[in-house]
Amino acid sequence: MKIGVLGNGQLGQMLEQSVTDLTDIEISLYDLRAHDDALLAEFLKEADIVTFETENIPDHIVSLVEPVKDKTLPGIDALKTFQNRLLEKRALRNAGIATADFAAVTSLDELEQAVDSLGLPVVLKTTTAGYDGKGQFLIRSRQDVEKAWQAIGGRELIAEAFVPFVRETSIIASRDRQGHMVIWPMTDNMHHRGMLRYSLYPAQGLSQQKMALAEQYIRSLAEHFDYVGTITLELFETADGLIANEVAPRVHNSGHWSIEGAEASQFRNHILALAGQKLEPAAAIYPAVAMLNVIGDEQPAVIADGRKNVYRHSYGKEARPERKLGHITIVADSVEQRDLAVAQLAVVIPAEIRDQVM
Ligand code: AMP
């Protein structure tokens, strides 16, 4: 079976690597940045199943994929919904999932009104094309309103009430064609300047009740879309509950730990689901795991080479500020051991957030 992946970044590469032992599955990656209508048409024709590694796919390309929507998994509906933050928030609410209060904003007037009704602070975001905290503005005071509009306005925006979260977490699941699901254990996700820096398993201190709620959320969401493949729900933990932030209709950075840390990875189960094969278990196989992103000019090769229980993944990209170049996974027999190993690699963690785990 030929599975064609739209996008050839690190997620596409890891999808490919996850099933190299399965001779009946062949993965090919389409470079969205070098798009050409005829090339895409050929790519779509050759694929038995089409999938994507990113939801940031230009409308023009999505319209070219529409005619093959029957073999596109997860569906085009999910893609279109989760590439727009407004549609996304509405879908979350429809599936019975708690989100921050929000309002659509298309003018400065509407932004003023949104700030009135939501109350400060407000997080203003572009509805499309934002990732890793880009296309966002935190409005703390009335004076910021016009600045925010000038910075990212002039296009469709969503204003969200600021969520006073105690931590960020995520839940990742795969769903097969028969509706069976496997769900990975949750992680603690630490961000810095809008970018994920590291994910820690287990998400310590997260109550059973909140974990059960997150599972209920992801099940409900996946069922709502009759979803096939891997899906991610990013959540804020608050003092008394969980608030959904966003959905990735795909494998996610906070699930990279599953390559070495879980029985099956998020990548492998995505492909197995698409191929109509049985999903593999998602349980963790170590008591503690950490995944650290390597960003900008950090040097994973120097940092992690040769250490026991440390796995280095380099994406083969040129170093650029704010660019994810690779990740490092640490597996350990205990949380203490894991944190010690993380501390030894502390050079890759910005000082501002280092204190959060050490
Ligand atoms: P996003 O691109 O929506 O994932 O946002 C990037 C980061 O901004 C998140 O990981 C949060 O740290 C922060 N953020 C986004 N939306 C909110 C919100 N409504 N309240 C508080 N923080 C937020």
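Now for a look at the structure at hand. (Residues numbered from 1 in each chain as written. Predicted model: local features only at pLDDT ≥ 70, side-chain atom pairs only at ≥ 80, totals over all residues. Heavy atoms only, no water.)

## As for the side chain of Ser265
(1) Moving on: Mapped onto the elements of the fold, Ser265 is located in the loop between helix 9 (258–261) and helix 10 (266–274).
(2) Moving on: Taking the relative accessible area as the measure of exposure, Ser265 reaches 8% and is therefore buried.
(3) Moving on: Contact partners of Ser265, with chain neighbours within four places excluded, come to Ser18, Trp184, Ser258 and Ile259. (Helix = DSSP H or I, 4+ residues; strand = E, 2+ residues; numbered from the N terminus. Buried < 20%, exposed > 50% of the residue type's maximum accessible area, 1.4 Å probe, protein only. Contact = heavy atoms within 4.5 Å.)

## Observations concerning the site of the ligand
(1) Moving on: Around the ligand, 15 residues are found, and the nearest of them are Lys125, Gln136, Val163, Glu168 and Glu246.
(2) Moving on: Taking Arg85, its side chain carries an N or O atom lying 3.0 Å from an oxygen atom of the ligand.
(3) Moving on: One of the backbone nitrogen or oxygen atoms of Ala161 is found 3.1 Å away from a nitrogen atom of the ligand.
(4) Moving on: At the level of secondary structure, the elements contributing two or more residues to the shell around the ligand comprise strand 5 (122–126), strand 7 (157–161) and strand 13 (241–248). (Near = heavy atom within 4 Å. Polar contact = N/O pair within 3.5 Å; in protein donor to acceptor, adjacent residues only side chain to side chain.)

## Focus on the packing of aromatic side chains
(1) Moving on: All chains considered together, the criterion is met by four aromatic pairs.
(2) Moving on: Aromatic pair Tyr30 and Phe43: ring centres 5.3 Å apart, planes at 45 degrees, arrangement tilted. In this pair, Tyr30 sits in strand 2 (residues 26–30) while Phe43 sits in helix 2 (residues 37–46), placing the two residues 13 residues apart along the sequence.
(3) Moving on: Of the residues examined, Phe43 reaches a relative accessible area of 13% and is grouped as buried.
(4) Moving on: Ring plane angle 55 degrees and centroid distance 5.0 Å describe the contact between Phe82 and Phe225, whose orientation is recorded as tilted. Of this pair, Phe82 sits in helix 4 (residues 76–82) while Phe225 sits in the loop between helix 8 (208–224) and strand 12 (229–238), and the two are 143 residues apart along the sequence. (Phe/Tyr/Trp six-rings, centres within 6.5 Å; stacked < 30°, edge-to-face > 60°.)

## Description of the pairing of strand 14 (residues 288–295)
As a general feature of sheets, a regular strand has side chains that alternate between the two faces.
(1) Moving on: Burial of strand 14 is extensive: eight of the eight residues sit out of reach of the surface.
(2) Moving on: Taking every second residue as pointing to the same face, both faces of strand 14 are buried, with Ala288, Ala290, Leu292 and Val294 on one and Val289, Met291, Asn293 and Ile295 on the other.
(3) Moving on: Here four bridges tie strand 11 (residues 195–201) to strand 14, and the two strands are oriented antiparallel to one another. Bridge pairing links Ser199 to Met291 in strand 14.
(4) Moving on: In this sheet, strand 16 (residues 324–332) lies alongside strand 14 in antiparallel orientation, the contact comprising eight bridges. (Pairing = 2+ DSSP bridges.)

## Description of the pattern of salt bridges
(1) Moving on: What the rule picks out here adds up to 17 salt bridges.
(2) Moving on: Its salt-bridge partner being Arg268, residue Asp21 comes within 2.9 Å of it at the nearest N-O pair. Of the two residues, Asp21 sits in the loop between helix 1 (10–17) and strand 2 while Arg268 sits in helix 10, which places them 247 residues apart along the sequence.
(3) Moving on: Residue Arg268 is classed as buried on the basis of its relative accessible area of 13%.
(4) Moving on: The partner of Glu246 in a salt bridge is Arg85, with the nearest N and O atoms 3.1 Å apart. Pair noted here: Glu246 is in strand 13 and Arg85 is in helix 5 (residues 85–94), with a separation of 161 residues, a long-range link.
(5) Moving on: Judged by its relative accessible area of 5%, Arg85 is buried.
(6) Moving on: Three or more residues joined by partner-sharing salt bridges are found here, namely Arg167, Asp188, Lys210 and Glu237. (Salt bridge = Lys/Arg side-chain N within 4 Å of Asp/Glu carboxyl O.)

Without other data, these values stay purely geometric and don't point to any function.
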